[in-house]
Amino acid sequence: MFHLLDIIGTMAFAMSGALTAMHKRLDPFGVFIIAFVTAVGGGTLRDVLIGRTPVGWMMNLQYVYVIILGFFLAIIFRKKFDKLRTSLFLFDTIGLGVFTLIGLEKGITTGLHPVICVALGTMTACFGGVIRDILCNEIPTVFRKEIYATICIFGGIVFFGLRKLNLEDDVLYLVTSVVIISIRLLAVKYKWYLRAFEHK
Amino acid sequence: MFHLLDIIGTMAFAMSGALTAMHKRLDPFGVFIIAFVTAVGGGTLRDVLIGRTPVGWMMNLQYVYVIILGFFLAIIFRKKFDKLRTSLFLFDTIGLGVFTLIGLEKGITTGLHPVICVALGTMTACFGGVIRDILCNEIPTVFRKEIYATICIFGGIVFFGLRKLNLEDDVLYLVTSVVIISIRLLAVKYKWYLRAFEHK
Amino acid sequence: MFHLLDIIGTMAFAMSGALTAMHKRLDPFGVFIIAFVTAVGGGTLRDVLIGRTPVGWMMNLQYVYVIILGFFLAIIFRKKFDKLRTSLFLFDTIGLGVFTLIGLEKGITTGLHPVICVALGTMTACFGGVIRDILCNEIPTVFRKEIYATICIFGGIVFFGLRKLNLEDDVLYLVTSVVIISIRLLAVKYKWYLRAFEHK
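Residues numbered from 1 in each chain as written. Chains lettered and ligands numbered in written order. Predicted model: local features only at pLDDT ≥ 70, side-chain atom pairs only at ≥ 80, totals over all residues. Heavy atoms only, no water.

**Some points on the interface of chain A and chain B**
- If you look at the interface, chain A gives 32 residues, while chain B gives 34 residues.
- Carbon and sulfur atoms make up 72% of the area that chain A and chain B hide from each other, which totals about 2,800 Å².
- In terms of surface lost to chain B, no three residues of chain A exceed Asp27, Phe29 and Met58 of chain A, which account for 23% of the buried area on that side.
- There are zero salt bridges connecting chain A and chain B.
- Inspection of the chain A/chain B interface yields three residue pairs in polar contact (both at pLDDT 80 or more).
- At eight residues, the largest contribution of residues to the side of chain A that touches chain B is made by helix 2 (residues 28–50) of chain A.
- The residue inventory of the side of chain A that touches chain B, partitioned by class, reads 21 nonpolar, five polar and six charged. (Contact = heavy atoms within 4.5 Å. Buried area = accessible area lost by both parts, 1.4 Å probe. Salt bridge = Lys/Arg side-chain N within 4 Å of Asp/Glu carboxyl O. Polar contact = N/O pair within 3.5 Å; in protein donor to acceptor, adjacent residues only side chain to side chain. Helix = DSSP H or I, 4+ residues; strand = E, 2+ residues; numbered from the N terminus. Nonpolar A, V, L, I, M, F, W, Y, C, P; charged D, E, K, R; others polar.)

If you want it as structure tokens, here you go:
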């Protein structure tokens, strides 16, 4: 089940990357690379920083195939994107929850402090998008709009809070991802965002 | 022989990086760093992702010296660049072939799947230029123009196709690099390129 | 003592990153990430390239706490920045000296060649700022202005020159950092900088 959600999230991230890249008028190779880094960039950065190499997608080709599929779907449906916007948003939100959990779990497995685990969860969920934006020559969206990353951090704190209660792992994972996904949906519905600082 | 071609490719990449950086009016330190990352950035990214650290150029100073030489040559000949364009293009094309092979080989040595090896070959040949463009605040050229990366991918597929025939390694390397170099020359001569997708 | 200077340097780098990010009108998460990468980005890149993982700040939370403190100080004092400019510049200069030394030392510990150690010292001191500028969608300042990086390279050469004299480590560290800090102060006072190449 969890694995299926990981696949759904990966595909959603790949498709959103591909759409951004097509919008920037990149050629097919560029579109593929942007789809790829959006989907696995956060996890790749995490793996490199904790020394888990060769990085994840090199050891499990499933990710590569899912991204290739997402790439083609994005190309085929690129003109019908408006109708798909809601589905894609939902899948992306699932990705946000699942990727945060995967990052938290890798941090715990590596024996790192909870603060670092929360950072790794946020990195896994958000830094694919950061790399996508840098490659597209934009200031990363996650640094400017929406409370995307803040939700991951909050989710990570909830996770470690619940963990102290000695819940079973399954319950822990389920509750954390439901929290992340719900807050994201509420945040978009009610337009919660972080304001830039008033600067001199 | 192969090693000599590696040196030629490294120098060509360093010179092309230095020329881009001077064009952007960077200071000498900036020009040197751009020359450096253009030459070894792809291989460095590859080494980091597969966990081969300290990365290649830290263990073999020859690359550093070749890049320093390329940096000075680019400075000295910067006003005569038009006359050197053809030679530099040829050297760059040699680099494309050799770097792809080196990436393929490191992937095989690390025991990775052929699909990942092809990705590593392409990364080794193309991502120095990607990092150069990001540092110069441009959308990477390889995502927009020319079929540069596509040739590396094709070369990688040819390599694994021929490998099934149990050819000797020397023949395998020679044929693959000739294929990559020839297609690049034809691609530039006949202006083959990938078109961006028509987008709504 | 050395450790205290490391903390001061880290905080100064974090504050300068936060100020840049607020100037770019990023949201609080963006400001925090830019503060973070400015402070530890150079050392993180160094650790990844030499294979020292999990990277430094994951193993020693002190850095994380100092950056959080610097982040809040930058927010609180953001409108009084003009009055703090001199102190911040001094702290930043201390960071330049200390970070260069830390990079040199990690290179020596890893058994790398002096040329590579000098590169690692420069990377530790300067590449946090490079990553900051890339995330803010600017061509890195260190490639265009001031002789920031050149001073680190010079400091590294002085370090290895003195090392041949068999000085004690303490003296070696002290002299090198005094050299780096003094040249930086002189460079800014007398407006020394590297000129871009005249280009056709």
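More follows now that the structure is in view.
**Some thoughts on the UniProt feature "domain: Glycine transporter" (unreviewed entry) in chain A**
- UniProt annotation of "domain: Glycine transporter" (unreviewed entry) refers to residues 4–78 and 90–163 of chain A when read in the numbering used here.
- In the segment residues 4–78 of chain A, helix accounts for 83% and strand for 0%; the C-alpha atoms at its two ends are 24 Å apart. (UniProt positions renumbered as here; feature names shortened; annotations may be inferred.)

**Overview of the relation of the copies chain A and chain B**
- Once chain A has been moved 0.0 Å along the axis and rotated by 120°, it coincides with chain B to within an RMSD of 0.0 Å. The two molecules are tied by a three-fold rotation axis, judged by turn and shift.
- Comparing interface residues between copies, only 9% of those in chain A also sit at the interface in chain B, which points to a heterologous contact through distinct surfaces. (Least-squares fit on C-alpha atoms with pLDDT ≥ 70 in both.)

**Some words on the UniProt feature "transmembrane region" (unreviewed entry) in chain A**
All names here are of chain A.
- Following the UniProt record, one finds the feature "transmembrane region" (unreviewed entry) at residues 6–22, 29–45, 57–76, 88–105, 111–135, 147–165 and 171–190.
- Here residues 147–165 is 84% helix and 0% strand, with 28 Å between the C-alpha atoms at its ends.
- A distance of 28 Å separates the end C-alpha atoms of residues 171–190, which is 95% helix and 0% strand.

**A few points about unusual backbone geometry**
- Residues Thr53 of chain B and Pro54 of chain B are joined by a peptide bond in cis, for which omega reads -10°.
- Structurally, Pro54 of chain B is set in the loop between helix 2 (28–50) and helix 3 (56–59).
- Unusually for a residue other than glycine, Asn166 of chain A sits at a positive phi of about 60°.
- Following the sequence through the fold, Asn166 of chain A ends up in the loop between helix 7 (148–163) and helix 8 (169–189).
- Residue classification places Asn166 of chain A among the exposed residues on the basis of a relative accessible area of 69%. (Buried < 20%, exposed > 50% of the residue type's maximum accessible area, 1.4 Å probe, protein only.)

**What about helix 2 of chain A?**
Residues and elements named next belong to chain A.
- Between the first and last C-alpha of helix 2 there are 32 Å, a value that for 23 residues agrees with the 33 Å anticipated at 1.5 Å per step.
- Across the 23 residues that make up helix 2, a large majority, 20, are buried.
- Backbone nitrogen of Phe29 and a side-chain oxygen of the N-cap are separated by 3.0 Å at the start of helix 2; the cap is Asp27.
- Where helix 2 ends, the next residue or the one after it, Gly51, has phi of about 80°, a positive value. (Expected span 1.5 Å × (residues − 1).)

**Details of a nonpolar patch on the surface**
- Together, Tyr65, Ile68, Phe72, Ile76 and Phe77 of chain B together with Val115 of chain C make up an exposed nonpolar region whose accessible area comes to about 550 Å².
- The biggest single contributor to the nonpolar patch is helix 4 (residues 62–76) of chain B, with four residues.
- Turning to its location among the elements, Ile76 of chain B is positioned in helix 4. (Patch = residues over 30% accessible without salt bridge, like charges linked within 9 Å, V, L, I, M, F, W, Y side chains within 5 Å. Areas by Shrake-Rupley, 256 points an atom, 1.4 Å probe, with all protein chains shown as cover.)

**Some points on the packing of helix 2 of chain B against helix 6 (residues 114–135) of chain B**
All names here are of chain B.
- Between helix 2 and helix 6, the shortest axis-to-axis distance is 7 Å and the interhelical angle comes to 130°. The angle between helix 2 and helix 6 falls in the class oblique. Considering only the axes of helix 2 and helix 6, their crossing is right-handed. The residues of helix 6 that touch helix 2, namely those facing Ile34, Val37, Thr38, Gly41, Gly42, Gly43, Leu45, Arg46, Leu49 and Ile50, are Leu120, Met123, Thr124, Phe127, Gly128, Gly129, Ile131, Arg132 and Leu135.
- Within the contact of helix 2 with helix 6, the residues separate by chemical class into 10 nonpolar, seven polar and two charged. (Axes fitted to C-alpha atoms, helices over the stretch in contact; angles between N-to-C directions. Parallel < 35°, antiparallel > 145°, perpendicular 65-115°, else oblique. Left-handed = near helix turned anticlockwise from the far one by under 90°.)

**Concerning the interface of chain A and chain C**
- Each partner contributes to the interface: chain A provides 34 residues, whereas chain C provides 32 residues.
- Across the chain A/chain C interface, buried area totals approximately 2,800 Å², and carbon plus sulfur atoms make up 72% of it.
- Run the count over chain A and chain C and you get three residue pairs in polar contact (both at pLDDT 80 or more).
- Among the elements of the structure, helix 2, helix 6 (114–135) and helix 7 of chain A are those that each provide at least two residues to the side of chain A that touches chain C.
- Ranked by residue count, the leading element in the side of chain A that touches chain C is helix 6 of chain A, at eight residues.

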